[in-house]
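One letter stands for each residue in the lines below.
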Amino acid sequence: EANFKETVQDSPVVNILSFWKTDHEPSWLLLPEFLDMTEKYKGKVRICVSNFDESRDLATQFRVSHVPTMLFFKKGECTDRLLGIQPRYAVEKILRVLVDEH
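Residues numbered from 1 in each chain as written. Predicted model: local features only at pLDDT ≥ 70, side-chain atom pairs only at ≥ 80, totals over all residues. Heavy atoms only, no water.

Caption draft 1: Representation of a nonpolar patch on the surface within the structure. On the surface, a nonpolar cluster with roughly 260 Å² of combined accessible area is contributed by Trp28, Leu31 and Val49. By the element assignment, leucine 31 lies in helix H3 (residues 31-40). (Patch = residues over 30% accessible without salt bridge, like charges linked within 9 Å, V, L, I, M, F, W, Y side chains within 5 Å. Areas by Shrake-Rupley, 256 points an atom, 1.4 Å probe, with all protein chains shown as cover. Salt bridge = Lys/Arg side-chain N within 4 Å of Asp/Glu carboxyl O. Helix = DSSP H or I, 4+ residues; strand = E, 2+ residues; numbered from the N terminus.)

Have a look at this one:
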């Protein structure tokens, strides 16, 4: 939450901001996929995570009420969101559009 502006809003790359909870196991299921996508889209996409319980102001700002929730940002603007555990192809479908428009 403290570095959201410089990390996401001022970023020249596409960002995914994923809200999770420590005690919510499904939130952790996305991590291996995130690590792989970070390599695949290196230099084009950054994946950030935010603990829902510790980032209430940020969650409220973007109307996040469930975890996991992924917000997609391009040029500082939230362009898309995915709720719940999503298959990788759903995430990459959004990324391909955002990166190609980059």
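There's plenty left to go through after this.
Caption draft 2: Molecular detail of the side chain of serine 55. Its place among the elements puts serine 55 in the loop between strand E2 (45-51) and helix H4 (56-61). Of the residues examined, serine 55 reaches a relative accessible area of 5% and is grouped as buried. Setting aside residues no more than four positions away along its own chain, serine 55 makes contact with Glu1, Phe19 and Ser50. (Buried < 20%, exposed > 50% of the residue type's maximum accessible area, 1.4 Å probe, protein only. Contact = heavy atoms within 4.5 Å.)

Caption draft 3: Quick look at empty space enclosed by the protein. Across all of its chains, the model carries 1 cavity of 30 Å³ or more by this definition. Here the largest cavity defines a volume of roughly 30 Å³. As for the largest cavity, its lining consists of Leu30, Glu33, Phe34, Met37, Gln86, Arg88 and Val91. Sorting the residues of the lining of the largest cavity by element identifies H3 and helix H5 (88-100) as the ones contributing at least two each. Of the residues forming the lining of the largest cavity, the biggest block, 3 residues, is contributed by H3. (1 Å grid on protein atoms, 1.4 Å probe; cavity = no way out; pocket = protein on both sides within 12 Å on 5 of 7 lines; lining within 4 Å. Points joined across faces, edges and corners; volume = space filled by probe spheres on them.)

Caption draft 4: Local environment of the nonpolar core. Ranked by size, the top nonpolar core spans 17 residues in total, and within it Met70, Phe72, Val91 and Leu95 carry the most contacts. No other element matches the 6 residues that H5 contributes to this core. If near-sequence neighbours (up to four positions away) are discounted, methionine 70 is found in contact with Ile16, Leu17, Ser18, Leu30, Phe34, Asp80, Arg81, Leu82, Gly84, Gln86 and Val91. Ranked by size, the runner-up nonpolar core spans 13 residues in total, among them Phe4, Cys48, Phe52 and Val64. (Core = buried A, V, L, I, M, F, W, Y, C linked by side-chain atoms within 4.5 Å.)

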